[in-house]
Amino acid sequence: MGLAKLNVWVSETDDPCAVSNRTWFVTIYDCDGKVLRWCRRRYFVVPARCGHVEIELPPGCYRVSAVWGFRPIPGGLWGNHFTDSAIVQARCGETVCVRLFNPSLHRCGRIFLHAVANLQKQRVINKEVAQPLEEAVHRLLALAPRPIRAFELDKLEEIEAQIAEQKDELKEDEEQAADP
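Residues numbered from 1 in each chain as written. Predicted model: local features only at pLDDT ≥ 70, side-chain atom pairs only at ≥ 80, totals over all residues. Heavy atoms only, no water.

Caption draft 1: Geometry of the overall build of the chain. Looking only at helices and strands, the chain has three helices and ten strands in total. Taken across its 180 residues, the chain has 31% of its residues classed as buried. Of the roughly 11,900 Å² of accessible surface on the chain, a fraction of 55% belongs to carbon and sulfur atoms. (Helix = DSSP H or I, 4+ residues; strand = E, 2+ residues; numbered from the N terminus. Buried < 20%, exposed > 50% of the residue type's maximum accessible area, 1.4 Å probe, protein only. Areas by Shrake-Rupley, 256 points an atom, 1.4 Å probe, with all protein chains shown as cover.)

The following block contains the structure:
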């Protein structure tokens, strides 16, 4: 028994099955959302060359994410600088693997647009606030190359419809249970 080993792999942009060839910088957060500190080490922007790094750490539950950096990229490469996060349970003496998905700019933009629309429906923001945000994101997405794999796009409406359908079914079940 002893330390846990965490193998972090970062996907290629918009390709969950391929490993990135670039250097990413992995950060590990504790359950309070703070960067993990242990034994005089801070687990912050740890280089993951060619999309991989193996890290020894104390057993525990962690949130892991990565970023590739903020320098301009020659040639105007479009990409997302942040991966999705993953929650990992690292156990004593065990090796845990996690793959961080690097979503496309289109997915992030679509999620943001969906959030703005929902805030407007909930009357948290008004049309005057929402409209310029939506227009700017739509202009940006029109300039960016479409993702290679379309699985990331156009699923939000499908998910929302499925949730609405399930809510209707749950409401019917509750009504039937209330009737003697």
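Caption draft 2: Here's a closer look at the sheet that holds strand E9 (residues 86-90). The four strands lie next to each other as E6-E3-E8-E9, forming an open sheet whose pairing is antiparallel. The sheet is open, and its two borders are formed by strand E6 (46-48) and E9, each paired with just one other strand. Ignoring which end each strand starts from, the neighbouring axes of this sheet average 40° apart. One ladder, built from five bridges, connects strand E8 (residues 60-67) with E9; its direction is antiparallel. Bridging from a neighbouring strand, Gly 60 pairs with Ala 90 of E9. (Pairing = 2+ DSSP bridges. Axes fitted to C-alpha atoms, helices over the stretch in contact; angles between N-to-C directions.)

Caption draft 3: Examining the pairing of strand E1 (residues 4-12) more closely. In terms of strand pairing, E1 meets strand E7 (residues 52-57) through six bridges, oriented antiparallel. Its bridge partner being in E7, Asn 7 is matched across the sheet by Glu 54. Alignment of E1 against strand E10 (residues 95-100), held across six bridges, turns out to be parallel. Bridging from a neighbouring strand, Trp 9 pairs with Arg 99 of E10. In this structure, E1 lies alongside strand E2 (residues 15-19), joined through two bridges in antiparallel fashion. Counterpart to Ser 11 in the pairing with E2 is Val 19. The loop that links E1 with its antiparallel partner E2 comprises two residues; one of these, Asp 14, has a positive phi angle of about 65°.

Caption draft 4: The arrangement of helix H1 (residues 105-121) in detail. Over its 17 residues, H1 extends 24 Å from the first C-alpha to the last, a length consistent with the 24 Å expected when each residue adds 1.5 Å. Taken together, the buried positions of H1 are occupied by His 106, Arg 107, Gly 109, Leu 113 and Val 116. Lining the buried residues of H1 we find helix H2 (127-143). (Expected span 1.5 Å × (residues − 1). Contact = heavy atoms within 4.5 Å.)

Caption draft 5: Layout of unusual backbone geometry. Unusually for a residue other than glycine, Val 45 sits at a positive phi of about 40°. Within the fold, Val 45 resides in the loop between strand E5 (41-42) and E6. Here Val 45 falls in the partly exposed class, since its relative accessible area comes to 34%. We note that Arg 123 has phi near 65°; this positive angle belongs to a residue other than glycine. Relative to the helices and strands, Arg 123 resides in the loop between H1 and H2.

Caption draft 6: The pattern of salt bridges, seen in detail. Evaluated as defined, the whole model comprises two salt bridges. A salt bridge links Lys 5 to Glu 54; the shortest N-O distance between them is 4.0 Å. Here the residue Lys 5 occupies a position in strand E1, and Glu 54 occupies one in strand E7, the gap between them amounting to 49 residues. With relative accessibility at 45%, the residue Glu 54 sits in the partly exposed group. With a closest N to O distance of 3.1 Å, Arg 107 and Asp 84 form a salt bridge. With Arg 107 in helix H1 and Asp 84 in the loop between E8 and E9, this pair connects stretches of sequence that are 23 residues apart. (Salt bridge = Lys/Arg side-chain N within 4 Å of Asp/Glu carboxyl O.)

Caption draft 7: Spotlight on the packing of aromatic side chains. For the structure shown, the criterion picks out one aromatic pair. The ring centre of Trp 68 lies 3.7 Å from the NZ or CZ of Arg 22, which sits over that ring. Positioned above the aromatic ring of Phe 44, the side-chain terminus of Arg 42 is 4.4 Å from the ring centre. (Phe/Tyr/Trp six-rings, centres within 6.5 Å; stacked < 30°, edge-to-face > 60°. Lys NZ or Arg CZ within 6 Å of the ring centre and 35° of its normal.)

Nothing here speaks to function; it is all geometry.
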